[in-house]
Amino acid sequence: AQTVTQSQPEMSVQEAETVTLSCTYDTSESDYYLFWYKQPPSRQMILVIRQEAYKQQNATENRFSVNFQKAAKSFSLKISDSQLGDAAMYFCAFQGGSEKLVFGKGTKLTVNP
Amino acid sequence: NAGVTQTPKFRILKIGQSMTLQCTQDMNHNYMYWYRQDPGMGLKLIYYSVGAGITDKGEVPNGYNVSRSTTEDFPLRLELAAPSQTSVYFCASSYSGGVKVQPQHFGDGTRLSIL
């Protein structure tokens, strides 16, 4: 079974600075997808970024980018120029051939003004 | 499009009561999912459906039942509610039919407390 590990329960960053959230996963599949979801206090689950395992190029979405290391099974999220609105829980998730998402336990990000 | 709509948003149940959490989507997605999120944890899959009339168990199905009579609706039934089922419940949907995986769209969640 796949597992997703987020080793940082909490992180903090100063506004306008850069922060990196870590995620590792375990799978025997070779073709899969990885996601980062943001959950603000409103409780919504918002897709931040996705990475297809067969693509070597790291995904980017504006201020959000990933460092995908397939051999190391690592998928970290970098947030540049952090904003107060980035404060939230961030969940890393894995989706393989079964179409089911497996989530990590999350990292709570605090942005300090 | 409303996306994925869950009702109710909040509910308090007594131990042993039953209730149904409603979920409907208007995106014509074939896949639908139910997750629960316990405090300080990620989401865990309860049940999922790949199309009308087809459902399957996820990681934590005990104490729950689902049905999928239409593409749009995927209700989750709790029978004999227990305190361990106190959680936030999320419904999600996605389209699967091509090579590229489509991301899941989530509802706003239902906070359920069982006392």
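See above for the structure.
So, here is what we can say about the structure in this document.

Reading the values: rules and limits
- Residues numbered from 1 in each chain as written.
- Chains lettered and ligands numbered in written order.
- Predicted model: local features only at pLDDT ≥ 70, side-chain atom pairs only at ≥ 80, totals over all residues.
- Heavy atoms only, no water.
- Core = buried A, V, L, I, M, F, W, Y, C linked by side-chain atoms within 4.5 Å.
- Buried < 20%, exposed > 50% of the residue type's maximum accessible area, 1.4 Å probe, protein only.
- Helix = DSSP H or I, 4+ residues; strand = E, 2+ residues; numbered from the N terminus.
- Contact = heavy atoms within 4.5 Å.
- Pairing = 2+ DSSP bridges.
- Buried area = accessible area lost by both parts, 1.4 Å probe.
- Salt bridge = Lys/Arg side-chain N within 4 Å of Asp/Glu carboxyl O.
- Polar contact = N/O pair within 3.5 Å; in protein donor to acceptor, adjacent residues only side chain to side chain.

1. Topic: the nonpolar core
All names here are of chain A. Ranked by size, the top nonpolar core spans 25 residues in total, and within it Tyr25, Trp36, Phe75, Leu77 and Tyr90 carry the most contacts. Going through the elements one at a time, strand 3 (19-21), strand 5 (33-39), strand 6 (46-52), strand 8 (64-69), strand 9 (74-79), strand 10 (88-95) and strand 12 (107-112) are the ones with two or more residues in this core. Broken down by element, this core gets its largest block of residues, four residues, from strand 10. Apart from the residues lying within four places of it in its own chain, the contact partners of tyrosine 25 are Thr3, Val4, Tyr32, Leu34, Phe68, Gln69, Lys70, Lys73, Ser74, Phe75 and Phe94.

2. A few points about the pairing of strand 9 (residues 87-94) of chain B
It is a general feature of regular strands that their side chains alternate between the two faces of the sheet. Residue and element names in this part refer to chain B. Counting buried residues along strand 9, eight of its eight residues qualify, which places the element largely inside the surrounding structure. Examined bridge by bridge, strand 4 (residues 31-37) and strand 9 share seven bridges and lie antiparallel to one another. Bridging across to strand 9, methionine 32 finds its partner in serine 93. Across three bridges, the pairing between strand 9 and strand 11 (residues 110-114) is antiparallel. Its bridge partner lying in strand 11, tyrosine 89 is registered against threonine 110.

3. Concerning unusual backbone geometry
Following Thr7(B), the chain continues into Pro8(B) via a peptide bond in cis, with omega recorded as -5 degrees. Along the chain, Pro8(B) turns up in the loop between strand 1 (4-7) and strand 2 (10-13). Although it is not a glycine, Arg43(A) sits at a positive phi angle of roughly 85 degrees. Locating Arg43(A) in the fold gives a position in the loop between strand 5 and strand 6. Backbone geometry at Leu80(B) places phi at a positive 50 degrees, although glycine is not the residue there. Note on placement: Leu80(B) falls in the loop between strand 8 (76-78) and strand 9.

4. Side note on the interface of chain A and chain B
Listed per partner, the contact involves 18 residues of chain A and 26 residues of chain B. Summing both partners gives a buried area of about 1900 Å² for chain A against chain B, and 54% of it is carried by carbon and sulfur. Interface area lost by chain A to chain B is led by Arg43(A), Glu99(A) and Lys100(A), which between them contribute 35%. In this structure, the connection of chain A to chain B is made through zero salt bridges. Summed over the shared surface of chain A and chain B, the result is four residue pairs in polar contact (both at pLDDT 80 or more). Of the residues forming the side of chain A that touches chain B, the biggest block, four residues, is contributed by strand 5 of chain A.

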